[in-house]
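# Descriptive analysis of the structure
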Amino acid sequence: MNAATDPPLIDVPERLDGERTVLLAPRTGSGAEMALVITQSLSHLRPWMPWAQDAPTAESSELVVRRMQADFIARRDLCFHIHARRADGSAGRLLGGTGLHRIDWAVRRFEIGYWIRPDAAGQGHVSETVRLLSTLAFDLLAARRVEIRCDRRNNRSRAVAERCGFELEGILRNNVLGVDGHPRDTCVYSRVNAPVA
Ligand SMILES: CC(C)(COP(=O)(O)OP(=O)(O)OC[C@H]1O[C@@H](n2cnc3c(N)ncnc32)[C@H](O)[C@@H]1OP(=O)(O)O)[C@@H](O)C(=O)NCCC(=O)NCCS
(Lines give C-alpha, C1' and ligand atoms only; values in the text may rest on other atoms or scores of the structure.)
Protein backbone atom coordinates (compact mmCIF):
# COMPACT_ATOMS: atom_id res chain seq x y z
CA MET A 1 0.00 0.00 0.00
CA ASN A 2 1.38 3.42 -0.91
CA ALA A 3 0.32 6.88 -2.05
CA ALA A 4 1.31 6.17 -5.67
CA THR A 5 -1.32 3.46 -6.00
CA ASP A 6 -3.81 4.44 -3.28
CA PRO A 7 -4.93 8.07 -3.75
CA PRO A 8 -6.63 8.32 -0.30
CA LEU A 9 -3.08 8.13 1.16
CA ILE A 10 -2.02 11.27 -0.73
CA ASP A 11 -1.82 14.22 1.68
CA VAL A 12 -3.92 17.21 0.58
CA PRO A 13 -4.33 20.31 2.79
CA GLU A 14 -7.93 21.18 3.66
CA ARG A 15 -7.15 24.90 3.84
CA LEU A 16 -5.18 27.13 1.46
CA ASP A 17 -4.35 30.73 2.37
CA GLY A 18 -3.91 33.62 -0.02
CA GLU A 19 -3.50 37.31 0.73
CA ARG A 20 -7.22 38.06 0.49
CA THR A 21 -8.75 34.65 -0.07
CA VAL A 22 -9.03 31.43 1.95
CA LEU A 23 -9.96 28.10 0.34
CA LEU A 24 -11.60 25.51 2.60
CA ALA A 25 -12.42 21.89 1.78
CA PRO A 26 -16.20 21.27 1.98
CA ARG A 27 -17.48 20.77 5.52
CA THR A 28 -20.65 19.20 6.87
CA GLY A 29 -23.07 21.95 7.88
CA SER A 30 -22.13 24.47 5.14
CA GLY A 31 -25.03 23.48 2.82
CA ALA A 32 -27.49 26.16 3.98
CA GLU A 33 -24.99 28.98 3.44
CA MET A 34 -24.03 27.54 0.05
CA ALA A 35 -27.69 27.32 -1.00
CA LEU A 36 -28.14 31.00 -0.14
CA VAL A 37 -25.06 32.11 -2.11
CA ILE A 38 -26.06 30.05 -5.17
CA THR A 39 -29.62 31.40 -5.01
CA GLN A 40 -28.31 34.98 -4.87
CA SER A 41 -25.92 34.25 -7.79
CA LEU A 42 -28.31 32.33 -10.09
CA SER A 43 -28.67 34.81 -12.96
CA HIS A 44 -24.87 35.22 -13.08
CA LEU A 45 -24.20 31.45 -13.02
CA ARG A 46 -27.10 30.19 -15.18
CA PRO A 47 -25.55 30.85 -18.64
CA TRP A 48 -22.45 28.79 -17.83
CA MET A 49 -23.09 26.27 -15.04
CA PRO A 50 -25.48 23.37 -15.80
CA TRP A 51 -25.98 22.72 -12.06
CA ALA A 52 -27.13 26.31 -11.41
CA GLN A 53 -30.40 26.44 -13.34
CA ASP A 54 -32.76 26.42 -10.34
CA ALA A 55 -32.41 27.59 -6.75
CA PRO A 56 -31.20 24.77 -4.47
CA THR A 57 -32.66 24.08 -1.03
CA ALA A 58 -30.55 24.00 2.12
CA GLU A 59 -30.99 20.23 2.17
CA SER A 60 -30.05 19.64 -1.48
CA SER A 61 -26.92 21.78 -1.04
CA GLU A 62 -26.03 19.92 2.16
CA LEU A 63 -26.24 16.67 0.19
CA VAL A 64 -23.90 18.10 -2.47
CA VAL A 65 -21.47 19.37 0.19
CA ARG A 66 -21.35 15.97 1.91
CA ARG A 67 -20.73 14.21 -1.43
CA MET A 68 -17.93 16.70 -2.10
CA GLN A 69 -16.51 15.94 1.35
CA ALA A 70 -16.58 12.19 0.62
CA ASP A 71 -14.90 12.72 -2.77
CA PHE A 72 -12.27 14.92 -1.13
CA ILE A 73 -11.40 12.22 1.41
CA ALA A 74 -11.26 9.57 -1.35
CA ARG A 75 -9.17 12.00 -3.48
CA ARG A 76 -11.61 11.49 -6.39
CA ASP A 77 -12.37 15.21 -6.70
CA LEU A 78 -10.86 18.06 -4.67
CA CYS A 79 -13.51 20.78 -4.24
CA PHE A 80 -12.88 23.89 -2.14
CA HIS A 81 -15.13 26.73 -1.03
CA ILE A 82 -13.79 30.23 -1.67
CA HIS A 83 -13.96 32.57 1.35
CA ALA A 84 -12.87 36.16 1.85
CA ARG A 85 -9.95 36.38 4.28
CA ARG A 86 -10.62 38.51 7.37
CA ALA A 87 -7.97 40.89 8.76
CA ASP A 88 -7.22 38.37 11.55
CA GLY A 89 -6.61 35.63 8.95
CA SER A 90 -9.80 33.68 9.61
CA ALA A 91 -12.15 32.61 6.84
CA GLY A 92 -14.96 35.14 6.32
CA ARG A 93 -17.86 35.38 3.88
CA LEU A 94 -18.48 32.50 1.48
CA LEU A 95 -17.77 33.80 -2.04
CA GLY A 96 -17.96 30.80 -4.37
CA GLY A 97 -16.60 27.41 -5.33
CA THR A 98 -13.54 25.97 -7.02
CA GLY A 99 -11.40 22.85 -7.07
CA LEU A 100 -9.15 20.39 -8.82
CA HIS A 101 -11.43 18.18 -10.89
CA ARG A 102 -11.29 15.35 -13.47
CA ILE A 103 -8.21 14.02 -11.70
CA ASP A 104 -5.97 11.42 -13.27
CA TRP A 105 -3.54 10.42 -10.51
CA ALA A 106 -1.50 8.18 -12.85
CA VAL A 107 -0.76 11.04 -15.25
CA ARG A 108 -1.01 13.62 -12.41
CA ARG A 109 -3.45 15.71 -14.43
CA PHE A 110 -6.04 18.08 -12.94
CA GLU A 111 -8.63 20.58 -14.17
CA ILE A 112 -9.37 23.79 -12.27
CA GLY A 113 -12.97 25.03 -12.18
CA TYR A 114 -14.36 28.17 -10.51
CA TRP A 115 -17.33 30.44 -9.90
CA ILE A 116 -17.82 33.44 -7.66
CA ARG A 117 -20.82 35.40 -6.40
CA PRO A 118 -21.41 38.50 -8.57
CA ASP A 119 -20.89 41.05 -5.77
CA ALA A 120 -17.37 39.63 -5.19
CA ALA A 121 -16.41 39.43 -8.89
CA GLY A 122 -13.93 41.79 -10.51
CA GLN A 123 -11.66 41.96 -7.44
CA GLY A 124 -9.07 39.28 -8.18
CA HIS A 125 -10.38 36.58 -5.80
CA VAL A 126 -10.65 34.03 -8.61
CA SER A 127 -7.19 34.75 -10.01
CA GLU A 128 -5.75 34.34 -6.50
CA THR A 129 -7.71 31.09 -6.17
CA VAL A 130 -6.29 29.74 -9.44
CA ARG A 131 -2.76 30.62 -8.33
CA LEU A 132 -3.27 28.83 -4.98
CA LEU A 133 -4.63 25.71 -6.70
CA SER A 134 -1.84 25.76 -9.31
CA THR A 135 0.76 25.88 -6.54
CA LEU A 136 -1.01 23.03 -4.73
CA ALA A 137 -1.10 20.97 -7.93
CA PHE A 138 2.47 21.55 -9.14
CA ASP A 139 4.37 21.90 -5.85
CA LEU A 140 2.55 19.46 -3.57
CA LEU A 141 0.75 17.01 -5.87
CA ALA A 142 3.47 16.69 -8.53
CA ALA A 143 1.14 17.72 -11.35
CA ARG A 144 2.37 17.27 -14.89
CA ARG A 145 -0.57 19.10 -16.40
CA VAL A 146 -3.28 21.46 -15.14
CA GLU A 147 -6.12 22.47 -17.44
CA ILE A 148 -8.77 25.15 -17.49
CA ARG A 149 -11.68 24.50 -19.86
CA CYS A 150 -14.38 27.01 -20.64
CA ASP A 151 -16.99 27.99 -23.19
CA ARG A 152 -15.46 29.99 -26.04
CA ARG A 153 -17.95 32.81 -25.34
CA ASN A 154 -17.09 33.04 -21.62
CA ASN A 155 -14.70 36.00 -21.84
CA ARG A 156 -14.43 36.54 -18.08
CA SER A 157 -13.42 32.92 -17.55
CA ARG A 158 -10.93 33.05 -20.42
CA ALA A 159 -9.44 36.22 -18.89
CA VAL A 160 -8.82 34.37 -15.59
CA ALA A 161 -6.95 31.56 -17.39
CA GLU A 162 -4.84 34.02 -19.40
CA ARG A 163 -4.13 36.25 -16.37
CA CYS A 164 -2.83 33.19 -14.49
CA GLY A 165 -0.39 32.14 -17.22
CA PHE A 166 -2.39 29.32 -18.82
CA GLU A 167 -1.80 28.84 -22.53
CA LEU A 168 -4.61 28.33 -25.04
CA GLU A 169 -3.89 24.95 -26.65
CA GLY A 170 -6.91 24.83 -28.87
CA ILE A 171 -10.63 25.24 -29.26
CA LEU A 172 -12.75 22.10 -29.44
CA ARG A 173 -15.58 22.88 -31.84
CA ASN A 174 -19.10 21.64 -31.05
CA ASN A 175 -17.61 19.77 -28.10
CA VAL A 176 -20.48 20.08 -25.62
CA LEU A 177 -24.10 21.12 -25.46
CA GLY A 178 -24.54 24.42 -23.63
CA VAL A 179 -27.19 24.94 -20.96
CA ASP A 180 -29.56 26.02 -23.79
CA GLY A 181 -29.05 22.67 -25.58
CA HIS A 182 -27.07 24.23 -28.47
CA PRO A 183 -23.60 22.89 -29.39
CA ARG A 184 -20.80 25.03 -27.97
CA ASP A 185 -17.06 25.37 -28.52
CA THR A 186 -14.70 24.66 -25.60
CA CYS A 187 -11.39 26.50 -25.04
CA VAL A 188 -8.67 24.28 -23.57
CA TYR A 189 -6.01 26.13 -21.60
CA SER A 190 -3.13 24.41 -19.82
CA ARG A 191 0.03 24.76 -17.82
CA VAL A 192 2.54 21.90 -17.78
CA ASN A 193 5.48 21.36 -15.46
CA ALA A 194 8.06 20.71 -18.15
CA PRO A 195 8.45 21.40 -21.85
CA VAL A 196 6.80 18.72 -23.96
CA ALA A 197 9.48 16.60 -25.67
C1 LIG B 1 -15.57 33.62 -14.55
C2 LIG B 1 -15.52 34.29 -13.18
C3 LIG B 1 -15.20 33.24 -12.13
C4 LIG B 1 -14.42 35.37 -13.21
O5 LIG B 1 -14.42 36.05 -11.98
P6 LIG B 1 -13.61 37.45 -11.79
O7 LIG B 1 -13.94 37.97 -10.46
O8 LIG B 1 -13.83 38.30 -13.00
O9 LIG B 1 -12.09 36.96 -11.85
P10 LIG B 1 -10.81 37.56 -11.10
O11 LIG B 1 -10.81 37.21 -9.69
O12 LIG B 1 -9.65 37.12 -11.90
O13 LIG B 1 -11.01 39.14 -11.19
C14 LIG B 1 -10.54 39.83 -12.32
C15 LIG B 1 -10.90 41.32 -12.20
O16 LIG B 1 -10.48 41.81 -10.92
C17 LIG B 1 -9.52 42.87 -11.12
N18 LIG B 1 -8.54 42.76 -10.03
C19 LIG B 1 -8.49 43.58 -8.95
N20 LIG B 1 -7.51 43.20 -8.13
C21 LIG B 1 -6.90 42.13 -8.71
C22 LIG B 1 -5.81 41.31 -8.32
N23 LIG B 1 -5.14 41.51 -7.19
N24 LIG B 1 -5.47 40.27 -9.13
C25 LIG B 1 -6.14 40.04 -10.28
N26 LIG B 1 -7.20 40.80 -10.69
C27 LIG B 1 -7.57 41.85 -9.91
C28 LIG B 1 -8.97 42.64 -12.50
O29 LIG B 1 -8.44 43.83 -13.06
C30 LIG B 1 -10.21 42.17 -13.24
O31 LIG B 1 -11.02 43.29 -13.49
P32 LIG B 1 -11.96 43.41 -14.80
O33 LIG B 1 -13.05 42.39 -14.59
O34 LIG B 1 -12.45 44.80 -14.74
O35 LIG B 1 -11.13 43.06 -15.98
C36 LIG B 1 -16.88 34.97 -12.82
O37 LIG B 1 -17.23 35.88 -13.83
C38 LIG B 1 -18.01 33.94 -12.65
O39 LIG B 1 -18.22 33.40 -11.56
N40 LIG B 1 -18.77 33.70 -13.73
C41 LIG B 1 -19.91 32.77 -13.68
C42 LIG B 1 -19.45 31.33 -13.53
C43 LIG B 1 -18.44 30.94 -14.61
O44 LIG B 1 -18.56 31.34 -15.76
N45 LIG B 1 -17.44 30.14 -14.21
C46 LIG B 1 -16.42 29.65 -15.11
C47 LIG B 1 -16.90 28.48 -15.88
S48 LIG B 1 -15.61 27.87 -16.96
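This report concerns the structure included in the present document. Just so it is clear, the structure is predicted and the values come from calculations on it, not from any experiment. (Residues numbered from 1 in each chain as written. Predicted model: local features only at pLDDT ≥ 70, side-chain atom pairs only at ≥ 80, totals over all residues. Heavy atoms only, no water.)

### Remarks on the site of the ligand
As a matter of local geometry, the ligand sits amid 22 residues, with Gly122, Val126, Ser127, Asn154 and Arg163 nearest to it. Gly124 has a polar backbone atom sitting 3.2 Å from an oxygen atom of the ligand. Computed on the free molecule, the ligand has an accessible area of 950 Å², of which 71% lies beneath the protein chains in the complex. Listing elements by their share of the shell around the ligand, those giving two or more residues are helix 1 (31-45), strand 5 (109-116), helix 3 (125-140), strand 6 (145-151) and helix 4 (155-163). For the shell around the ligand, the class distribution of residues is ten nonpolar, eight polar and four charged. (Near = heavy atom within 4 Å. Polar contact = N/O pair within 3.5 Å; in protein donor to acceptor, adjacent residues only side chain to side chain. Areas by Shrake-Rupley, 256 points an atom, 1.4 Å probe, with all protein chains shown as cover. Helix = DSSP H or I, 4+ residues; strand = E, 2+ residues; numbered from the N terminus. Nonpolar A, V, L, I, M, F, W, Y, C, P; charged D, E, K, R; others polar.)

### Re the environment of Gly124
With respect to the element layout, Gly124 can be found in the loop between strand 5 and helix 3. Each C-alpha atom, one on Gly124 and one on Arg75, is 28 Å from the other, the two residues being 49 residues apart in sequence.

### Concerning the side chain of Glu62
You can see Glu62 is positioned in helix 2 (residues 58-74). Residue Glu62 is classed as buried on the basis of its relative accessible area of 13%. (Buried < 20%, exposed > 50% of the residue type's maximum accessible area, 1.4 Å probe, protein only.)

### Brief notes about the sheet that holds strand 1 (residues 15-17)
Strand order in the open sheet made by the eight strands is 1-2-3-4-5-6-8-7, with mixed pairing throughout. Looking along the sheet, the strands with just one partner apiece sit at the ends: strand 1 and strand 7 (167-177). Ignoring strand direction, the axes of neighbouring strands in this sheet form an average angle of 25°. Both strand 7 and strand 8 (residues 183-192) contribute to a ladder of seven bridges, which runs antiparallel. By the bridge assignment for strand 8, Glu167 is matched with Ser190. On top of the sheet, helix 1 reaches strand 3 (78-85), strand 4 (91-104) and strand 5; it is set at about 85° to strand 5, its chief contact. (Pairing = 2+ DSSP bridges. Axes fitted to C-alpha atoms, helices over the stretch in contact; angles between N-to-C directions. Contact = heavy atoms within 4.5 Å.)

### As for the nonpolar core
Ranked by internal contacts, the top residues of the largest apolar core, which has 36 residues, are Leu78, Phe80, Leu100, Ile112, Val130, Leu141 and Phe166. Going through the elements one at a time, strand 3, strand 4, strand 5, helix 3, strand 6, helix 4 and strand 8 are the ones with two or more residues in this core. Ranked by the residues each element gives to this core, the list is headed by helix 3, at seven residues. With sequence-adjacent residues up to four places away left out, Leu78 is seen in contact with Val12, Phe72, Thr98, Gly99, Leu100, Ile103, Trp105 and Leu141. (Core = buried A, V, L, I, M, F, W, Y, C linked by side-chain atoms within 4.5 Å.)

### Points about helix 2
Under the 1.5 Å per step criterion, the end-to-end length of helix 2 is 24 Å for 17 residues, consistent within 8% with the ideal 24 Å. Of all the positions in helix 2, only Ser61, Glu62, Val65 and Phe72 are classed as buried. Looking straight down helix 2, one finds that the buried residues subtend no more than 105° of arc, so they occupy a single side. Away from the buried face of helix 2 by more than 90 degrees, exposed residues Glu59 and Arg67 are located. Looking at the buried side of helix 2, the elements it contacts are helix 1 and strand 3. (Expected span 1.5 Å × (residues − 1). Arc of directions from axis to C-beta.)

### Section: the pattern of salt bridges
Counted under the stated rule, the structure contains 13 salt bridges. A salt bridge links Arg66 to Glu62; the nearest nitrogen and oxygen atoms lie 2.8 Å apart. Note that Arg66 and Glu62 are positioned in helix 2 at a spacing of four residues, about one turn of the helix. A residue is classified by how much of its surface remains accessible, and Arg66, at 45% relative accessible area, is partly exposed. Here the salt bridges do not stand alone but share partners, grouping Arg145, Glu147, Arg149 and Glu169 into one network. (Salt bridge = Lys/Arg side-chain N within 4 Å of Asp/Glu carboxyl O.)

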